[in-house]
Amino acid sequence: MTFTFTPQQELAQTQPVQLDKARFPQYGRYLEEYVPGQIFVHPRGYTFTQAQIDFFSRTYMQCNPLHLDLEYAKSHGFTGMPASPQQVFNVVLSLGVQNDSEKVMANLGYYNAQFLRPVYAGDTIRAMTMVTDRKERGADKPGIATIRTLGVNQRDEVVLQYERKLMVAYRGNRLPTVPVAEGAAPEFPWQTNASVALPEGLATALRHAPQSVTGWNTYAQHFSVGDIIVHNNGRTISDEHFALTYQVGNTHPLHYDKVFSQSLSGKMSGNPIVYGGLVYAWLEGLASRDISENAVWELGFTEGYHTQPAFAGDTVAALSRVLDVDDAPGALADVASVVTLQFIGVKNITSRAALEKFGADLFIKENDKKDLGKEKIEDKIFEIERRLLIKKAR
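Throughout what follows, the structure given in this document is the object of discussion.

Cut-offs and rules
- Residues numbered from 1 in each chain as written.
- Predicted model: local features only at pLDDT ≥ 70, side-chain atom pairs only at ≥ 80, totals over all residues.
- Heavy atoms only, no water.
- Helix = DSSP H or I, 4+ residues; strand = E, 2+ residues; numbered from the N terminus.
- Rg over C-alpha atoms; globule rule 2.2 N^0.38 Å.
- Buried < 20%, exposed > 50% of the residue type's maximum accessible area, 1.4 Å probe, protein only.
- Areas by Shrake-Rupley, 256 points an atom, 1.4 Å probe, with all protein chains shown as cover.
- Lys, Arg positive; Asp, Glu negative; His and termini not counted.
- Charge placed at Lys NZ, Arg CZ, Asp CG, Glu CD.
- Axes fitted to C-alpha atoms, helices over the stretch in contact; angles between N-to-C directions.
- Parallel < 35°, antiparallel > 145°, perpendicular 65-115°, else oblique.
- Contact = heavy atoms within 4.5 Å.
- 1 Å grid on protein atoms, 1.4 Å probe; cavity = no way out; pocket = protein on both sides within 12 Å on 5 of 7 lines; lining within 4 Å.
- Points joined across faces, edges and corners; volume = space filled by probe spheres on them.
- Nonpolar A, V, L, I, M, F, W, Y, C, P; charged D, E, K, R; others polar.
- Patch = residues over 30% accessible without salt bridge, like charges linked within 9 Å, V, L, I, M, F, W, Y side chains within 5 Å.
- Salt bridge = Lys/Arg side-chain N within 4 Å of Asp/Glu carboxyl O.
- Expected span 1.5 Å × (residues − 1).
- Phe/Tyr/Trp six-rings, centres within 6.5 Å; stacked < 30°, edge-to-face > 60°.
- Lys NZ or Arg CZ within 6 Å of the ring centre and 35° of its normal.

1. Things to note about the overall build of the chain
In terms of helices and strands, the chain carries 8 helices and 12 strands. A globule of 394 residues ought to have a C-alpha radius of gyration of about 21 Å, and the chain, at 23 Å, matches this closely. Dimensions along the principal axes, computed over C-alpha positions, put the chain at roughly 75 × 65 × 40 Å. Within the span of the chain, comprising 394 residues, buried residues form 49% of the whole. Accessible area of the chain: about 19100 Å², with a carbon and sulfur share of 52%. Side chains of the chain give 39 positive and 43 negative charges; the mean places of these two sets differ by 2 Å.

Following this line, the structure appears as C-alpha cells:
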C-alpha cells in the first residue's frame, strides 16, 4: 500500500510563538502520586537479540557458559543461549523507571526477586508495576513507597518478579507528573508461591552435560556454610556507564545528565552516578568464575542495598559468604544443590584488603550498624543475599 503526501513547506517563520502553550512533561512519581493498588503498565518493550545477550554477558565479565556458549546451553536442555539474569533484571527495572522511579531520591532496597523462566533471543519483555504501600513521615520529610514489578514475555508468562522500596519526596509546588492512563486496571499476575519453569529433562541432562568447559572447583560440593570467597579481580568503571545505562533502557537523569546531578545535594551531587543495576552486574560477573560458573539457574535475591554510590573512575570488587547449602527439590536432588550466599561489593580497595581491614563487620548490614554502635563502611557499596541452583560434581 502506498500513499502520496504533499511536499513539506517551511512553516516556523509563519507561525507565532505562543509561550502560554508550552508544556513540561514530567515522569516518575512524587509521594502523594503513589496510590496503593495502582498499576503502571510501562511504556515500550524490549526485544532481546542474540547480539545483545552476548554483548551484556561479555561486558559484565560473565563466566557462566550458559550465557556464552550455545552448545553448552543446549546440552543442559535450554532451547537457546538464555539471557543472563542480570540482563533480564536490568531491562525489567529500567522499563519501569519512567513510571515508577524517575523522581525517587533513593532506591532503598530489592526484595524477593525471583527468576521464573528463561529469556531467549527473540523474546520481547514488557514490565508492569503495582504500588503495594505508601508510608508518609510528615509534610517536610520524604516518605517510602513499596512496589512490586513484573517482567512478562510475549506469551504473557512472568519471567521475573521482585519488590522495591523507594524514598520519595512530596511534590510540593513542583509540576505534576504524567498521570496513569484511565480505564480498567490490567491483570497483575504476581505469584505468591512461584514455580520456576526450567527445561524439561534437566535432571537427566545434568547427568551427561560436559564438564570440560567449567572449573572443577565450583560445583555444589565445593561450597560449605561459612566459606568466604574473596574474588580476586576488580573492575574500573569508566564513562562507558552513560551509554550502557540506556542500553538497558534506564531513563533516570541521575545516571547521565550532569546538569541534573550537579543540582542535587548530598552524596548524589556532582557527576552522574553509575546506575546501581550495572554495578551489581559487574560485581556478579567478577564473582561468576568462583561462584556461578556451574550454576544452572539464578533462583533470585533479596535484601539488596546500594550502600554507597559509584562514579566513573571507581574500581569495584566483590566477596561472597556461603550461608546455606541444601539439596534441590524433586528430581534435581541428586544432581544439584541450592546455595545461598551473602554477596558484598566494595570500591577503590581490593576485596582482600577490605576483608583484612574490616573483618566480620563487612558482613553486617549497613542499616543495622547504628543500633550496634558500629560505624558504616564508606568503602562498601553493595550487599545482597542470592540463591543459586548449582550442579553437583558427578
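2. A look at unusual backbone geometry
Here the phi dihedral of Arg44 falls at roughly 70 degrees; this positive angle occurs in a residue that is not glycine. Inspection of the secondary structure puts Arg44 in the loop between strand 1 (39-41) and strand 2 (46-47). You will see that Met61, though not glycine, has its phi angle at about 65 degrees, which is positive. Topologically, Met61 is positioned in the loop between helix 1 (50-59) and helix 2 (70-75).

3. Structural notes on the packing of helix 3 (residues 85-100) against helix 7 (residues 276-288)
Contact pair helix 3 / helix 7: the axes reach a minimum separation of 10 Å and the direction vectors enclose 175 degrees. The angle between helix 3 and helix 7 places the two elements in the roughly antiparallel class. Contact residues: helix 3 offers Gln86, Phe89 and Asn90, while helix 7 offers Gly277, Leu278, Tyr280, Ala281 and Glu284.

4. Some words on empty space enclosed by the protein
A complete count under the given rule lists 3 cavities of 30 Å³ or more for this structure. Here the largest cavity is characterised by a volume of approximately 200 Å³. Looking at the largest cavity, it is lined by 22 residues, and the ones nearest its centre are His67, Ala83, Pro85, Trp297 and Glu298. Those elements that place two or more of their residues in the lining of the largest cavity are helix 3, strand 9 (295-306) and strand 12 (380-391). The class makeup of the residues in the lining of the largest cavity is 14 nonpolar, 4 polar and 4 charged. Taken as a whole, the second largest cavity holds about 70 Å³ of empty space. When contributions to the lining of the second largest cavity are tallied by element, the ones reaching two or more residues are helix 1 and helix 5 (240-247). Here the lining of the second largest cavity is composed, by residue class, of 6 nonpolar, 3 polar and no charged.

5. Some thoughts on a nonpolar patch on the surface
Judged by side-chain polarity, Met1, Phe3 and Phe5 come together as a nonpolar surface patch covering roughly 510 Å² of accessible area. Structurally, Phe5 can be placed in the segment before strand 1.

6. As for the pattern of salt bridges
Under the defined criterion, the tally for this structure stands at 22 salt bridges. Measuring nitrogen to oxygen at the nearest pair gives 3.1 Å for the salt bridge that ties Glu157 to Arg155. Note that Lys357 and Asp379 form a salt bridge whose closest N and O atoms lie 3.7 Å from each other. Placement of the pair is Lys357 in helix 8 (residues 351-358) and Asp379 in the loop between helix 8 and strand 12, with a sequence separation of 22 residues. Judged by its relative accessible area of 22%, Asp379 falls in the partly exposed class. Each of Arg117, Asp123, Arg155 and Glu157 takes part in salt bridges that share partners, so that together they form one network.

7. Side note on helix 3
Taking 1.5 Å of rise per residue, 16 residues should cover 22 Å, and helix 3 covers 22 Å from first to last C-alpha, within 8% of that figure. The buried fraction of helix 3 amounts to 16 of the 16 residues, a majority that puts the element mostly inside the structure.

8. Description of the packing of aromatic side chains
The full count for this structure, using the stated rule, is 13 aromatic pairs. The interplanar angle of 65 degrees and the centroid separation of 5.0 Å between the aromatic rings of Tyr46 and Phe48 together place this pair among those described as edge-to-face. In this structure, Tyr46 and Phe48 share a single accessibility class: buried. Taking the ring centre of Phe40 as reference, the NZ or CZ of Arg29 above it sits at 4.8 Å. For Arg386, the ring lying beneath its charged end belongs to Phe343, and the centroid distance is 5.3 Å.

9. Observations concerning the packing of helix 1 against helix 3
Look at helix 1 against helix 3: their axes get within 9 Å of each other, and the N-to-C directions meet at 110 degrees. Considering the angle they form, helix 1 stands roughly perpendicular to helix 3. Taking contact as the criterion, the partners of Gln52, Ile53 and Phe56 in helix 1 are, on helix 3, Gln86, Gln87 and Asn90. Across the contact of helix 1 with helix 3, the residue classes break down as 2 nonpolar, 4 polar and no charged.

10. A short note on the side chain of Glu293
Within the secondary structure layout, Glu293 lies in the loop between helix 7 and strand 9. Despite being buried, Glu293 has no salt bridge partner; Arg289 is the closest side chain of opposite charge, sitting 7.9 Å away. Sequence-distant contacts of Glu293, that is, excluding residues within four places in its chain, are made with Cys63, Asn64, Pro65, Tyr72, Thr214, Gly215, Thr218 and Ser288.

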